[in-house]
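So you can see what is in the structure, the chains are spelled out below.
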Amino acid sequence: MNIQWYPGHMTKAKRMMEENIKLIDLVIELLDARIPISSKNPDVDDLAKGKARLVILNKSDLADEKTNNEWISYYKEKGVYAIALNSRMRGFSKQVTDAILKACDEKIKRDLRRGIKNKPIRAMIVGIPNVGKSTFINTLSGKAAAKTGNKPGVTKGKQWIRIASNIEFLDTPGILWPKFDDEKIGEHIAFIGSVNEEIIDLEELALRLIATLKEIKPSVLSSRYDIEENQAEYDILKEIAINRNLLVKGGEPDTKRAAKLLSDDFRDGRLGRISLEKVD
């Protein structure tokens, strides 16, 4: 599959982020812990030049814990603060606040030398669509400050949100980049729901997901759907439909509904903790 999706509103959002970066002390980049490579927008590195950085491996409960820790070590070696969390669960405020203060330590010390005290840290929240930025902000602030939804494109414009007396967030729309050079990147971000499904053949996407799972964690298919995984991808999809009683007239397997079921099961973690990308 060669998936490409870069609607016009993303160009507008990127321009808005470029205009506001001068107001920012820290760029907080949310990645999907299952695909830290594919969910990293290469344009963010240019945008955040000269700014303090914090990487959050979000939806860490859906990814392999050992792999999460390896990614945190990977970023630490690069001099970038990184933490793993599940933004749907409460109780991570101190972890995030501490990480923000550490990432902005130089800025805070520089302000103190100039006699500036208690100046709020302004952080821009960036990430691809459906990576959980708004949920992260709402859980951290304790209120529904940002719109959320289990699909790309919910956040349309910028929103300033006060998280604490000394921290303000600028929420931004999820943006991709104009062209994915590697087909795998397009597949991976489609797997997690970061691409408009109207442009995707869901059956073809499900077949690619099956092929990927067979390669990295084959037992997950047999244990979840009670099927034999050592068969062709389309046969697996048909068997999923049959075993879940997803049938069309005449008793034929409804592979379209089976494809939707498989995609939803992966995105919501019902297949277990799976990391599609690991540290080399």
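Not measured: the values here are computed from a predicted model.

Chemist: Help me understand the layout of surface pockets, please; the structure alone is not making it clear to me.
Modeler: Vacant regions in the atomic arrangement are exposed by a probe of water-molecule size rolled over the atoms. Here the second largest pocket defines a volume of roughly 290 Å³. Lining the second largest pocket are 15 residues, with D25, G50, A52, K107 and R110 sitting closest to its centre. Considering every element that reaches the lining of the second largest pocket, the biggest residue donor is helix 5 (residues 105-113), with four residues. Partitioned by chemical class, the residues of the lining of the second largest pocket number six nonpolar, one polar and eight charged.

Chemist: Explanation requested: empty space enclosed by the protein in the structure shown.
Modeler: Scanning all chains against the criterion turns up one cavity of 30 Å³ or more. Roughly 30 Å³ of volume is contained in the largest cavity.

Chemist: What am I meant to see in the packing of helix 10 (residues 233-243) against helix 11 (residues 255-267) here?
Modeler: Helices that pack against each other are described as a pair by the angle of their axes relative to one another and the distance between those axes. Remark: helix 10 packs on helix 11, axes separated minimally by 8 Å, with the N-to-C direction vectors making an angle of 90°. Classified by the interaxial angle, the pair formed by helix 10 and helix 11 is roughly perpendicular. Residues Y234, L237, K238, I240 and A241 of helix 10 touch helix 11, and the partners they reach there are T255, A258, A259 and L261. Looking at side-chain class alone, the contact of helix 10 with helix 11 contains seven nonpolar, one polar and one charged residues.

Chemist: Would you take a moment to explain the nonpolar core for this structure?
Modeler: Soluble globular proteins tend to pack their nonpolar side chains together in the buried interior. Counting residues in each nonpolar core, the largest one holds 75 residues, and the members touching the most others are L26, I28, I100, F136, F169 and L221. The biggest single contributor to this core is helix 8 (residues 202-216), with six residues. Residues contacting F169, with those up to four places away along its chain left out, are I28, I100, A123, I125, F136, I137, L140, Q159, W160, I161 and I163. One finds L31, L57, A63 and W71 within the second-largest nonpolar core, a separate group that totals eight residues.

Chemist: In this structure, what is going on with the pattern of salt bridges? I would like to understand it.
Modeler: Proximity of charged atoms lets side chains of opposite charge pair with each other. Within the structure shown, the criterion is met by 25 salt bridges. K107 is the partner of D111 in a salt bridge, and the nearest nitrogen-oxygen pair spans 2.8 Å. Residue D111 and its partner K107 are located together in helix 5, separated by four residues, close to a single helical turn. Residue classification places D111 among the buried positions, given a relative accessible area of 8%. A salt bridge links E197 to R267; the shortest N-O distance between them is 2.6 Å. Separated by 70 residues along the polypeptide, E197 in the loop between helix 7 (183-191) and helix 8 and R267 in helix 11 bring together distant segments of the chain. According to the relative accessible area criterion, R267 is buried, its value standing at 14%. Linked through salt bridges whose partners overlap, the residues forming this network are E29, K40, D45 and R53.

Chemist: Is there a simple way to think about a positive patch on the surface in this case?
Modeler: A surface patch of like charges, here positive, comprises R110, R113, R114 and K119. By the secondary structure assignment, K119 is in the loop between helix 5 and strand 4 (121-126). Given a relative accessible area of 46%, K119 falls into the partly exposed group.

Chemist: Help me understand the packing of helix 8 against helix 11, please; the structure alone is not making it clear to me.
Modeler: It is at 9 Å that the axes of helix 8 and helix 11 come closest, and there the two elements cross at 50°. Of the possible angle classes, the one that applies to helix 8 and helix 11 is oblique. Crossing of helix 8 against helix 11: the hand is left-handed. Taking contact as the criterion, the partners of L202, E203, L205, A206, L209 and I210 in helix 8 are, on helix 11, T255, K256, A259, K260, L262, F266 and R267. Of the residues assigned to the contact of helix 8 with helix 11, the class counts are eight nonpolar, one polar and four charged.

Cut-offs applied
Residues numbered from 1 in each chain as written. Predicted model: local features only at pLDDT ≥ 70, side-chain atom pairs only at ≥ 80, totals over all residues. Heavy atoms only, no water. 1 Å grid on protein atoms, 1.4 Å probe; cavity = no way out; pocket = protein on both sides within 12 Å on 5 of 7 lines; lining within 4 Å. Points joined across faces, edges and corners; volume = space filled by probe spheres on them. Helix = DSSP H or I, 4+ residues; strand = E, 2+ residues; numbered from the N terminus. Nonpolar A, V, L, I, M, F, W, Y, C, P; charged D, E, K, R; others polar. Axes fitted to C-alpha atoms, helices over the stretch in contact; angles between N-to-C directions. Parallel < 35°, antiparallel > 145°, perpendicular 65-115°, else oblique. Contact = heavy atoms within 4.5 Å. Core = buried A, V, L, I, M, F, W, Y, C linked by side-chain atoms within 4.5 Å. Buried < 20%, exposed > 50% of the residue type's maximum accessible area, 1.4 Å probe, protein only. Salt bridge = Lys/Arg side-chain N within 4 Å of Asp/Glu carboxyl O. Patch = residues over 30% accessible without salt bridge, like charges linked within 9 Å, V, L, I, M, F, W, Y side chains within 5 Å. Areas by Shrake-Rupley, 256 points an atom, 1.4 Å probe, with all protein chains shown as cover. Lys, Arg positive; Asp, Glu negative; His and termini not counted. Charge placed at Lys NZ, Arg CZ, Asp CG, Glu CD. Left-handed = near helix turned anticlockwise from the far one by under 90°.

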